[in-house]
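Chain residues, written in single-letter form:
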Amino acid sequence: MNERVLFELVDLAGTFAFAISGATAARRQGLDLFGVLAIAYVTACGGGVVRDLCIGAIPPAGLSDWRYLATAVFAALLTIGAYRWVERLASPVRLFDAMGLGLFAVYGAHKTLEFGHNAEVAILLGVVTAIGGGLARDVLLTRVPVVLQQEIYASAALLGAALAVFGEYAHWPALWAMWLPIAVCIGLRVLSLRYHWNLPSFKGDGAT
Amino acid sequence: MNERVLFELVDLAGTFAFAISGATAARRQGLDLFGVLAIAYVTACGGGVVRDLCIGAIPPAGLSDWRYLATAVFAALLTIGAYRWVERLASPVRLFDAMGLGLFAVYGAHKTLEFGHNAEVAILLGVVTAIGGGLARDVLLTRVPVVLQQEIYASAALLGAALAVFGEYAHWPALWAMWLPIAVCIGLRVLSLRYHWNLPSFKGDGAT
Amino acid sequence: MNERVLFELVDLAGTFAFAISGATAARRQGLDLFGVLAIAYVTACGGGVVRDLCIGAIPPAGLSDWRYLATAVFAALLTIGAYRWVERLASPVRLFDAMGLGLFAVYGAHKTLEFGHNAEVAILLGVVTAIGGGLARDVLLTRVPVVLQQEIYASAALLGAALAVFGEYAHWPALWAMWLPIAVCIGLRVLSLRYHWNLPSFKGDGAT
């Protein structure tokens, strides 16, 4: 029970952070009020909706559970009404975002297994849950998705989701199976931000 | 019965108007024949397909009911073969588009409730039905979706869908529950076009 | 049995070719390692995932069958590690791509009919299977989808899918019903590449 409450709090914190990042990006592109709300909501819930469609969870929780929508709207209004304050928050926002990444990756993998699908589906949809919203945000704002070119981000989600699936298969105690992968994903993301770790990229060279 | 026929006529008129708008945009970007047909079809049916996936209506009606495809193809061929004529139609097309917006929003909300989902899902998917096709058109043509930055558009759909759900919950007589929200949405859209009403937007300012 | 093995081999060859094309495009845009893997996978499996969502095949085979993922990852790693070799492969890659196009179109239509849907759904989803991955690749890389503006491509898929559905309705022998449409689609695509056949397009003219 206590664990569930804690889990839901972190889940909504992740939703909040993703919604802030979506609203900030939409505001910078000069979208109108509805545009900012829509991008905030899609960033926060897009990944989970695609996951739910793929595992057969109809209707998707992001559409039917009012707390997701309310959190996203609240974050968007905050971004609009207190933009200077949000801008100063850049560093906490990034921390929230890393928390959301870890939690969404692990929760996405967990929910997929619960619906009876195999390990591969669970890992892939864990990643989709974590990065899908950011992808949708960037596609709607017509820029190449930053999650595909930036510091270790999607790969941290991949590691978190894979660890979560491994933990469930190895019958780790529930606490470990949930919190260790989340911690590893968040830690890896935060460290890669701080030390500018990157995956190798291939810009402009004809050969590696 | 009579009401159903009327409803289907307006529904196909909306499909027609959205397909015209998609075909016109695709033609301006120099796509080939198939590209114009595809964009017209996606603009007309994309929102409804996503709605049907989210409510579990498999296969989506936009794929399985030939009248949607036929209407979209007809509108696209008309746009190609009689472009000058269509260009002169700009104002009627906008009116059709507003009609489509209102009808799709209300019909999307109505169908979602019929499938047993809650009010939040119905309102959100009403909006998705109404603006999803236009979003897909703009994403495929790689421009920031106009529905997110233009005169009151998505917000008119939101109001229409919300009124429709309220009407069904309040057990309004069927005629009112359907036509009042449609009329409000269309009216708001047409008035905002005529008087250039806009939601507040935030382009290029660091604070509001 | 023998036919099934052959079919699966060609299917994976198509997956391989589409993954190569995705990885090559992602590498040219300077995405990082994960970005290249992700785009390769999405290009190879994106169309099939959307088809499976629309016909109610949950979870989508592209997510649950490890061979698709493994093939896409292998193709992406090959593109990264042996880029010069892959560049010299341009012409074989195009041939593989044409094979993938034909097979995906026919297989997509076939699977849709098997799930009990009508001819229109089968033809549309055959085309979606064949071109969906390429569309997703181009949307993620923010360029107007080449399948909508290039030599006869999507139209070859349309012809292949339509022939496949016609064959099944006309009770052609299984061998004909499968291989004739595939051959027609591949042949049309290869010929249009060699002789630069194009559908009419409408760039920059106000009237036709």
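Residue indices begin from 1 for each chain and proceed along its sequence in written order. Each chain takes a letter, starting from A, and each ligand takes a number, starting from 1, following the order in which they are written. Side-chain atom pairs in this predicted model are given and counted only at pLDDT of 80 or more, local residue features only at pLDDT of at least 70, and totals for whole chains, interfaces and linings cover all residues. Here the side-chain values reflect all heavy atoms present in the structure, with hydrogen atoms and water set aside.

Trainee: For this particular structure, what's the right way to read the nonpolar core?
Mentor: Nonpolar side chains tend toward joint burial in soluble globular proteins. Residues grouped as a nonpolar core are buried Ala, Val, Leu, Ile, Met, Phe, Trp, Tyr and Cys residues, joined through side-chain atoms within 4.5 Å. Exposure categories follow from relative accessible area, calculated using a 1.4 Å probe and restricted to protein chains: below 20% of the type maximum is buried, above 50% is exposed, and the middle band is partly exposed. Core analysis: the biggest nonpolar cluster contains 184 residues, and Ile131 of chain A, Ile131 of chain B together with Ile131 of chain C have the highest contact counts within it. In contact with Ile131 of chain A, not counting residues within four places along its chain, are Leu101, Val147, Tyr153 and Ala154 of chain A together with Phe34 of chain C. Whether two residues are in contact is decided by their heavy atoms: any pair within 4.5 Å suffices.

Trainee: Just to check I follow, could you spell out the relation of the copies chain A and chain C for this structure?
Mentor: Put simply, the two copies of the chain differ by a rotation about an axis and a shift along that axis. Only residues with pLDDT of at least 70 in both copies contribute their C-alpha atoms to the least-squares superposition of the copies. Least-squares fitting of chain A to chain C yields an RMSD of 0.0 Å, with the transformation described by 0.0 Å of translation along the axis and a rotation of 120 degrees. Both copies are brought into coincidence by an operation consistent with a three-fold rotation axis. When C-alpha distances to the rotation axis are compared across chain A, the minimum falls at Thr142 of chain A, with a value of 3.5 Å. The two copies present different faces, since only 9% of the interface residues in chain A are matched by interface residues at the equivalent positions in chain C.

Trainee: Whenever I open this one, helix α8 (residues 154–169) of chain A confuses me. Can you help?
Mentor: Side chains of residues three or four places apart in an α-helix project in the same direction, reflecting 3.6 residues per turn. All names here are of chain A. The secondary structure listing takes helices from DSSP runs of H or I that are at least 4 residues long and strands from runs of E that are at least 2 residues long, numbered from the N terminus. Under the convention used throughout, the expected extent of a helix is 1.5 Å for every residue step, that is, one less than its residue count. For α8, built from 16 residues, the straight-helix expectation of 22 Å at 1.5 Å per residue is met to within 8% by its first-to-last C-alpha distance of 23 Å. For α8, every residue scored as buried is listed here: Ala154, Ser155, Ala156, Ala157, Gly160, Ala161, Ala164, Val165 and Gly167. Residue His171 follows α8 closely and has a positive phi angle near 55 degrees.

Trainee: What's the story with unusual backbone geometry in this structure? I'm lost.
Mentor: Note: most peptide bonds trans; most residues except glycine with negative phi. All names here are of chain A. That bond from Ile58 to Pro59 is cis: its omega, -5 degrees, falls within 30 degrees of zero. Relative to the helices and strands, Pro59 is located in the loop between α2 (33–55) and α3 (61–64). A positive phi angle, close to 55 degrees, is found at His171, a residue other than glycine.

Trainee: Please explain the pattern of salt bridges as it appears in this structure.
Mentor: Pairing between side chains becomes possible if they bear opposite charge and their charged atoms approach one another. Residue and element names in this part refer to chain B. Any carboxyl oxygen of Asp or Glu within 4 Å of a side-chain nitrogen of Lys or Arg constitutes a salt bridge here. Tallied over the full model, the rule gives twelve salt bridges over all chains. Note that Asp138 and Arg137 form a salt bridge whose closest N and O atoms lie 3.0 Å from each other. For the pair shown, Asp138 and Arg137 are each scored as buried.

Trainee: Which parts of the structure should I look at to understand the interface of chain A and chain B?
Mentor: Much of the literature gives interface size as the accessible area that the parts lose upon coming together. Listed per partner, the contact involves 29 residues of chain A and 33 residues of chain B. Buried area: the accessible area, evaluated with a 1.4 Å probe, that two parts lose upon being put together, summed over both parts. Here chain A packs against chain B, burying approximately 2,500 Å² in sum over the two surfaces, 69% of which is carbon and sulfur. When the buried area of chain A at its contact with chain B is split by residue, Asp32, Phe34 and Leu63 of chain A rank highest and sum to 26% of it. Linking chain A with chain B are zero salt bridges. N or O atoms within 3.5 Å of each other form a polar contact, as long as, within protein, one can give a hydrogen and the other can take it, and as long as residues adjacent in sequence are counted only when both atoms are side-chain atoms. Where chain A meets chain B, there are two residue pairs in polar contact (both at pLDDT 80 or more). Mapped by element, the contributors of at least two residues to the side of chain A that touches chain B are α2, α3, α4 (66–81), α5 (83–88) and α7 (119–140) of chain A.

Trainee: Before we go on, may I ask you to explain helix α9 (residues 174–194) of chain C in this structure?
Mentor: All names here are of chain C. The first and last C-alpha atoms of α9 sit 30 Å apart over 21 residues, in line with the 30 Å expected at 1.5 Å per residue. If you check which residues of α9 are buried, you get Ala177, Met178, Pro181, Ile182, Cys185, Ile186, Arg189, Ser192 and Leu193. Along the axis of α9, the buried residues cluster in a sector spanning 135 degrees; they form a single face. More than 90 degrees from the buried face of α9, the exposed residues found are Leu175, Trp176 and Arg194. In the segment just after α9, His196 is the residue with positive phi, at about 55 degrees. Arc definition: it is the arc formed by the directions from the helix axis to the C-beta atoms.

Trainee: Is there a simple way to think about a nonpolar patch on the surface in this case?
Mentor: Residues enter patches when they are more than 30% accessible in relative terms and free of salt bridges; like-charged ones are connected within 9 Å and nonpolar ones (Val, Leu, Ile, Met, Phe, Trp, Tyr) within 5 Å. Method for areas: the Shrake-Rupley scheme with a 1.4 Å probe, in which residue coverage is limited to the protein chains shown. A grouping of Leu191, Tyr195 and Trp197 of chain A is seen on the molecular surface, where their side chains present a nonpolar patch of about 310 Å² in accessible area. Topologically, Tyr195 of chain A is positioned in helix α9 (residues 174–195).

Trainee: Hey, could you run me through the interface of chain A and chain C in this one?
Mentor: On the side of chain C, 29 residues touch chain A, which itself brings 33 residues to the contact. When the two sides are added together, the surface that chain A and chain C hide from each other amounts to roughly 2,500 Å², 69% of it contributed by carbon and sulfur. Contributing elements (two or more residues each) for the side of chain A that touches chain C: α2, α7 and α8 of chain A. Here the side of chain A that touches chain C gets eight residues from one element, more than from any other, and that element is α7 of chain A. The residue classification treats Ala, Val, Leu, Ile, Met, Phe, Trp, Tyr, Cys and Pro as nonpolar and Asp, Glu, Lys and Arg as charged. All others, Gly included, are polar. Tallied by class, residues from the side of chain A that touches chain C come to 19 nonpolar, ten polar and four charged.

Trainee: Would you explain the state of the cysteines in this entry?
Mentor: By definition, a disulfide links the sulfur atoms of two cysteines through a covalent bond. All names here are of chain A. Defined by distance alone, a disulfide is two cysteine sulfur atoms within 2.5 Å. For the coordinates displayed, the defined rule picks out zero disulfides over all chains. In this structure Cys185 is not part of a disulfide, and its nearest cysteine sulfur, from Cys45, lies 19 Å away. Residue Cys185 is classed as buried on the basis of its relative accessible area, which comes to 0%.

Trainee: Is there a simple way to explain the environment of Gln29 of chain A in this structure?
Mentor: Residues and elements named next belong to chain A. Mapped onto the secondary structure, Gln29 falls in the loop between α1 (2–28) and α2. You can call Gln29 partly exposed: its relative accessible area is 26%. Sequence separation between Gln29 and Leu141 is 112 residues, and the spatial gap between their C-alpha atoms is 7.8 Å.

Trainee: Is there a simple way to explain the side chain of Asp138 of chain A in this structure?
Mentor: Topologically, Asp138 of chain A is positioned in helix α7. Filtering out sequence-adjacent residues up to four positions away, Asp138 of chain A remains in contact with Arg143, Val144, Pro145 and Val146 of chain A.

Trainee: Explain the confidence of the model for chain A to me, please; I cannot follow it from the model alone.
Mentor: Parts of the prediction with low pLDDT should not have their coordinates interpreted in detail. Residue and element names in this part refer to chain A. When the pLDDT values of chain A are averaged, the result is 83; 88% of them are 70 or greater. Confidence per residue, as judged by the predictor, is encoded in pLDDT with a range of 0 to 100. Scored below 50 in pLDDT, residues 204–208 shows nine contacts in the model against residues more than four places distant or in partner chains. Interface confidence for the predicted complex, given as ipTM, is 0.82, next to a pTM of 0.87.

Trainee: What exactly am I supposed to notice about the packing of helix α2 (residues 33–55) of chain B against helix α7 (residues 119–140) of chain B here?
Mentor: Each pair of packed helices can be described by the angle between their axes along with the distance between the axes. All names here are of chain B. Two numbers describe how α2 lies on α7: the axes approach to 7 Å, and their chain directions differ by 135 degrees. By the criterion of interaxial angle, the relationship of α2 to α7 is oblique. For α2 against α7, the interelement crossing comes out right-handed. Of α7, the residues touching α2 (which contributes Ile39, Val42, Thr43, Gly46, Gly47, Gly48, Val50, Arg51, Cys54 and Ile55) are Leu125, Val128, Thr129, Gly132, Gly133, Gly134, Ala136, Arg137 and Leu140. By residue class, the composition of the contact of α2 with α7 is nine nonpolar, eight polar and two charged. As a rule, the C-alpha atoms of each element are fitted with a line to give its axis, helices using only the stretch in contact, and angles between N-to-C directions run from 0 to 180 degrees. Orientation labels follow simple angle bins: below 35 degrees gives roughly parallel, above 145 gives roughly antiparallel, 65 to 115 gives roughly perpendicular, and whatever is left gives oblique. Throughout, a crossing is termed right-handed when the near helix is turned clockwise from the far one, and left-handed when it is turned anticlockwise from it by less than a right angle.

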